[in-house]
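Architecture and fold: a report
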Amino acid sequence: MSEKIQSLRGMPDILPADAPLWQHLEDTAAAVLRRYGYARISTPILESTALFTRSIGAATDIVEKEMYTFADRHEESISMRPEGTASVVRAMLQHGLLQTPGQKVWYQGPMFRYERPQRGRMRQFHQIGAEVFGLAGPDIDAELIAMSARLWSELGILGQLRLELNSLGSPAERRQYRSQLHDWLAQHRDSLDEDSQRRLDTNPMRILDSKNPAMQALIEAAPKLSAALGDDSRRHFEQLTGMLDAMGIAWQHNQRLVRGLDYYTHTVFEWVTDDLGAQGTVCAGGRYDGLVALHGGPEVPGVGFAMGEERLVELLGQQQRDFGQRPDIYLIIADPQLQAEALALNERLRDALPGRIVLSNLAGGSLRAQFKRADRSQAQIALVLGSQEWAAGEITVKWLRSERAQTSVSLAQLADWLQQNMPNN
Ligand code: ATP
Ligand code: MG
């Protein structure tokens, strides 16, 4: 006997039982994004490795150790996308879509990172993301954050999330702070943990992000990014927070929020929950004003976010709401001779009742067996098609989830009758 092949570590299947949750999340997100004027974009899963190393930064966790990178048959280095922004920037540039300022796009799809699999951290996971190009002001940052808040509110999870906000300043300010922080941390090299020692020279700002309790006192004492910001950056941040206040969106200034990717400037933000254990960030984003130019394009500013669908689905799952849809009708075929007629009848019912879930009993079976299946399907109604009734142009309607009496309905009137008598789901 041959061994069963299993899925790869950290690359889970999404099974039918969870599909209604995913569908609810994706439908709700698509509807909200539409209301703010975003158009969908889909880019390939495979891209040139250089696209990601250049945009995300060579000294980031993603590029250093998380990318699925391999040579194709012509020895070209390609990678499976670890995130969406780099690909969207590439596509917008490649197709000349950055001429008009204010382009708003969104995407959804799988991302790949070779991480240690754990709760909230997979090797294949899914993101929904939004990106806006050509707008430099804080108004779009604020609108983008408001849009995410609206999505949480529609999903019923806003109360479980807090918004953390920071400013990384202009590239020059960021560079200056980075070297100031580097020099300060270098003086305390002996107090740094192993991870931070490794990061000290390559990505010192990421040390601020350390979750190691032993590092917290040192991080608190380190020079603050806010002190390194110039007037323009400060004004951008103040205007943004003023707009959030005006919209009634609560926020917290987290001076240690730096984000793991090199391309961020000015605004960065995360939506975080305490209800998912250690991996509590469900959405993260910020401004990336230099990224388009970095890819050889014009000086077009950008801002966006990406949310982790797995983490959001887990939060939604905690609500114990029933996102699934139960069937409305289950057609039982009492006489095997009427199989073709039964299929045709159900097609007519689907024509007439487009919002209803209509099932046919398939593969025959005794009446008893068919009723059992009808019951297990959780349908509201069983229709029973027998030969005598068929000859008389009628069908039996039996309520499966209520005490209502069984009745006979003329086939000609069946669709109308169902329309009037079936409760809405
Ligand atoms: P973290 O600090 O958790 O590693 P990150 O900075 O790598 O996060 P981003 O690249 O900003 O994360 O991705 C945006 C969102 O995508 C995250 O906030 C999270 O919800 C989700 N996400 C990122 N990596 C994973 C993963 N390996 N598995 C599941 N979801 C993920
Ligand atoms: Mg990560």
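In short, a report on the structure. (Residues numbered from 1 in each chain as written. Chains lettered and ligands numbered in written order. Predicted model: local features only at pLDDT ≥ 70, side-chain atom pairs only at ≥ 80, totals over all residues. Heavy atoms only, no water.)

Take the pattern of salt bridges next. Within this structure, the stated rule accounts for 23 salt bridges. Between Asp-195 and Arg-198 there is a salt bridge, and its shortest N-O distance comes to 3.0 Å. Here Arg-198 and Asp-195 lie together in helix α7 (residues 194–202), a separation of three residues that amounts to about one turn. Take Asp-195: its relative accessible area is 35%, and that puts it in the partly exposed class. Taking the shortest distance from any N to any O, the salt bridge between Asp-209 and Lys-211 comes out at 4.0 Å. Residues participating in the shared-partner salt-bridge network are Asp-61, Glu-64, Asp-195, Arg-198, Arg-199, Arg-206, Asp-209 and Lys-211. (Salt bridge = Lys/Arg side-chain N within 4 Å of Asp/Glu carboxyl O. Helix = DSSP H or I, 4+ residues; strand = E, 2+ residues; numbered from the N terminus. Buried < 20%, exposed > 50% of the residue type's maximum accessible area, 1.4 Å probe, protein only.)

What follows concerns the sheet that holds strand β2 (residues 46–48). Adjacent strands of a sheet pair through backbone hydrogen bonds, lying either parallel or antiparallel. A sheet is described by the order of its strands in space; here three strands give the open sequence β2-β4-β3, paired in antiparallel fashion. Each edge of the open sheet is held by one strand with a lone partner, namely β2 and β3 (68–71). With strand direction ignored, the average angle separating the axes of adjacent strands in the sheet is 35°. Of the pairings in the sheet, the one linking β3 to strand β4 (residues 77–80) comprises four bridges and is antiparallel in character. Note that in β4 the partner of Thr-69 across the bridge is Ser-79. On top of the sheet, helix α2 (residues 49–56) reaches β2, β3 and β4; it is set at about 70° to β2, its chief contact. (Pairing = 2+ DSSP bridges. Axes fitted to C-alpha atoms, helices over the stretch in contact; angles between N-to-C directions. Contact = heavy atoms within 4.5 Å.)

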